[in-house]
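Here's the letter readout for the chains.
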Amino acid sequence: MTAILDPGAIAPRLEAAVPGSVRSRDGGALTLQPESLDAAIRFLRDDPELDLVCLAQLTAVDWETHFELVYHLQSLDLNHLLLCKTVALDHEAPHVPSLTPIYRGALLQERELFDLMGIHFDGHPDLRRMFLWDGFPGHPLRKDFMGMPGTLRAGLPGFPHESGVNAWPVPGSVSAPGAPPARPGGAPSRPQGPQT
Amino acid sequence: MSGQTQSDPAEPVIVNLGPQHPSTHGVFRIKVALDGERVQDAEMIIGYLHRSMEKLAEERTYTQNIPFTDRIDYLAAMTNNLAYCMAVEKLAGVEVPPRAQAIRILFAELQRIASHAMANGTFANDCGAWQTPLFHMFRERERVLDMFEMTCGARLTTNYMRIGGVAFDLPDELLPTLREFLHDMPEKIGEYHDLLVGNEILVARGRDVGKISAEAAINASLSGPMLRGSGVPWDLRKADPYCGYEHLDFDVPVGRNGDCYDRFLVRMEEVKQSVRILDQLVDNIPGGPWLTAVPLHLQAPIGEAYARVESPRGELGFYVVSDGGPVPYRFHCRPPSLINLTALREMTIGGTLADAIVTLGSIDIVVGEIDR
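Here the structure is a predicted model, which means the values were calculated and not measured. (Residues numbered from 1 in each chain as written. Chains lettered and ligands numbered in written order. Predicted model: local features only at pLDDT ≥ 70, side-chain atom pairs only at ≥ 80, totals over all residues.)

Draft legend 1. Up close: the overall build of chain A. Helix and strand counts for chain A stand at three helices and eight strands. From first element to last, N terminus to C terminus, chain A shows the α and β order β-α-β-β-α-β-β-β-β-α-β. A buried classification covers 41% of the 196 residues belonging to chain A. Contacts in chain A between residues far apart in sequence, at least 24 positions, make up 45% of those at least 6 positions apart. (Helix = DSSP H or I, 4+ residues; strand = E, 2+ residues; numbered from the N terminus. Buried ≥ 20, exposed ≤ 12 C-beta atoms within 10 Å, placed from the backbone. Contact = placed C-beta atoms within 7 Å.)

Printed below as a string of structure tokens:
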């Protein structure tokens, strides 16, 4: 059975090796400061007692005020798993250091997050859209992106760049590729209950 | 970009493999830069099948999301159902009755047989053993799909697992059919081994092609037969057992060279091990309920859960976050097909174009899972 590592036990050692790297250790996760993420993850990977050689999974959650990056780090020899997190505090232009120099496995998972959530990974060698075409307006997995009509969680009525017109964009219809979508001024950041 | 009209002979020729090409196993495109027959660079272009399931799932209840998981990896729908249901069960603290656990393993292993039949058949296709092995293997896959149909009415997108168990009990005719299937399988597997293992075509096309070392495979987060083909005995059924795999006796086959042929051998051997698991299970399915009573509009407590299973393609995980509402706040699938493609570029550069096709075949991608 894979052991789940206790972040409380690892945090002091990590703090000793990389001072100022631990942000919090609550909720079963070791939350790291994005500034020293690279050094901290390198320590977790190279420390023989931790041996977290494999990035099992990488994803992100949009908490509307900030983004939370979620990493599951796995040791194959010692068979334990650590839930690591970091935050991207700037919701408009989120960026965190890329893990690709440490784990090659982050390559496509970070590209996916760039595409669907608009998180920039500093130092990623090939940060481009992956599923959607260049110039697609906005990032669909963000909570302020358009919600589907008639469903349980209401989102914006239309695409962020549009003025109240709910239409799907077609490739080439957007003049400025890569331009960040403008946030509508008066739109509530949090949906106000179902609109069904 | 079309290099064929260029006058400079040093200019690489750009060739598009796919998106519509039999060897790309779906709408998957690789742009290769060729110097003669040698691959200089390979860039994959994906997204043709992107349906934005993770966004859609944030707007539907936990139960309504189960059919999406079928369509993520349509060649292993049962396994996908299982992984998602396990994640929600972990999040909501739902106990699964022992009978449901046994039924889940049963169908997960049948699905592995069906999926590996497809993988090995199409791999032989890519190597040049055109269609004959594939159609032989489809014979067994067909019998597995018949068993799915008699249990849940669907053959491909099964939608069979539920949060807290499975949707229906096993029909009376299933276990006799399964026993007959298991009785025939050793002979059929022997037939495939005679036909394919050591076959000149497969050895010539697969040996030392698309090699990747164990260290590189771990660093690139590869999983499943890709990782085991490189000699790493990592199987979540052994390493992090779920649904009672810890009580079953089976081996984890590994390769030695990390090449395409080894991955093929690992899959062949895994079919044998799946039959072994089913042999132990078929007469030992406990009685009792097959589904815990879970509210249809389940509201999971605030929190997060990551559950993972060993799908035929590797580590399939679901990460589900709840904010206490009726729908998941975040729904993420860790797709083994996509992450196994991380190593595609390294494995194909320097080889021939024909080897790139074999390498892609040996990864066993499902485009529905890559694009989601």
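The discussion continues.
Draft legend 2. The arrangement of the overall build of chain B in detail. Regarding its fold elements, chain B presents 15 helices and eight strands. In summary, chain B has a C-alpha radius of gyration of 21 Å against a globular reference of 21 Å for 372 residues, a match within 12%. In terms of overall dimensions, chain B has a C-alpha envelope of 70 × 50 × 35 Å along the principal axes. Looking at chain B residue by residue over its 372 residues, the buried ones come to 52%. A separation threshold of at least 6 residues defines the contact pool for chain B, and within that pool the share at least 24 residues apart is 70%. (Rg over C-alpha atoms; globule rule 2.2 N^0.38 Å.)

Draft legend 3. Fine view of the environment of L291 of chain B. All names here are of chain B. Along the polypeptide, L291 turns up in the loop between α11 (260-282) and β6 (303-311). Considered as a pair, L291 and I163 are 128 residues apart in the sequence and their alpha carbons are 8.1 Å apart. Every residue in contact with L291, bar those within four places of it in the chain, is listed here: A100, R162, G164, G165 and V166.

Draft legend 4. Up close: the sheet that holds strand β1 (residues 13-17) of chain B. Residue and element names in this part refer to chain B. Taken together, the three strands give an open sheet; going across it, the order is β1-β2-β3, and neighbouring strands pair in antiparallel fashion. Pairing within the sheet leaves two strands with one partner each, and these edge strands are β1 and β3 (38-45). Ignoring which end each strand starts from, the neighbouring axes of this sheet average 25° apart. Bridge count between β1 and strand β2 (residues 29-35): five bridges; the pairing is antiparallel. (Pairing = 2+ DSSP bridges. Axes fitted to C-alpha atoms, helices over the stretch in contact; angles between N-to-C directions.)

Draft legend 5. Looking closely at the interface of chain A and chain B. Each partner contributes to the interface: chain A provides 29 residues, whereas chain B provides 34 residues. Sorting the residues of the side of chain A that touches chain B by element identifies β4 (54-62), β5 (67-75) and α3 (106-117) of chain A as the ones contributing at least two each. Broken down by element, the residue count for the side of chain A that touches chain B peaks at six residues, all from β4 of chain A. Split into classes, the residues belonging to the side of chain A that touches chain B amount to 18 nonpolar, nine polar and two charged. (Nonpolar A, V, L, I, M, F, W, Y, C, P; charged D, E, K, R; others polar.)

Draft legend 6. Examining the confidence of the model for chain B more closely. Here chain B shows a mean pLDDT of 87. Residues at 70 or above account for 98%. Taking the mean pLDDT of every element in chain B, the minimum, 85, falls on helix α7 (residues 200-206) of chain B and the maximum, 92, on helix α3 (residues 77-92) of chain B. (pLDDT = per-residue confidence, 0-100.)

Draft legend 7. Quick look at the nonpolar core. Core analysis: the biggest nonpolar cluster contains 151 residues, and L55, L82 and I119 of chain A together with A83, A87 and V88 of chain B have the highest contact counts within it. The dominant element in this core, judged by the number of residues it contributes, is helix α4 (residues 98-127) of chain B, at 16 residues. Discounting residues that sit within four places of it in the chain, V88 of chain B has contacts with Y62, I163, A300 and V320 of chain B. (Core = buried A, V, L, I, M, F, W, Y, C linked by C-beta atoms within 7 Å.)

Draft legend 8. Broad picture of the pairing of β6 of chain B. All names here are of chain B. For β6, a buried count of seven out of nine residues is recorded, marking the element as mostly surrounded by other parts of the structure. Bridge analysis of β6 against strand β7 (residues 314-322) gives nine bridges, and the strand direction is antiparallel. Residue pairing in the sheet places E304 in a bridge with V321 of β7. If you look at the hairpin formed by β6 and β7, you'll find two residues sitting between the two strands.

Draft legend 9. Fine view of unusual backbone geometry. Residues and elements named next belong to chain B. In this structure, D208 takes a positive phi of about 60° despite not being glycine. Within the element layout of this structure, D208 appears in the loop between α7 and α8 (214-219). Phi at C243 is positive, roughly 55°, even though this residue is not glycine. Locating C243 in the fold gives a position in the loop between α10 (236-239) and α11.

Draft legend 10. Spatial organisation of the pairing of β7 of chain B. Residue and element names in this part refer to chain B. Counting buried residues along β7, nine of its nine residues qualify, which places the element largely inside the surrounding structure. Inspection of the sheet shows β7 paired to strand β8 (residues 330-334) by five bridges, in the antiparallel sense. In the strand pairing of β8, Y319 is matched with H332.

Draft legend 11. Examining the sheet that holds β6 of chain B more closely. Residue and element names in this part refer to chain B. Spatial strand order, β6-β7-β8: three strands in an open sheet with antiparallel pairing. Of all the strands in the sheet, just β6 and β8 have a single pairing partner and so form its edges. Averaged over all adjacent pairs, the angle separating strand axes in this sheet is 10°, with direction ignored. Where α3 meets the sheet, its contacts fall on β6 and β7, and the angle it forms with β6 comes to roughly 150°.

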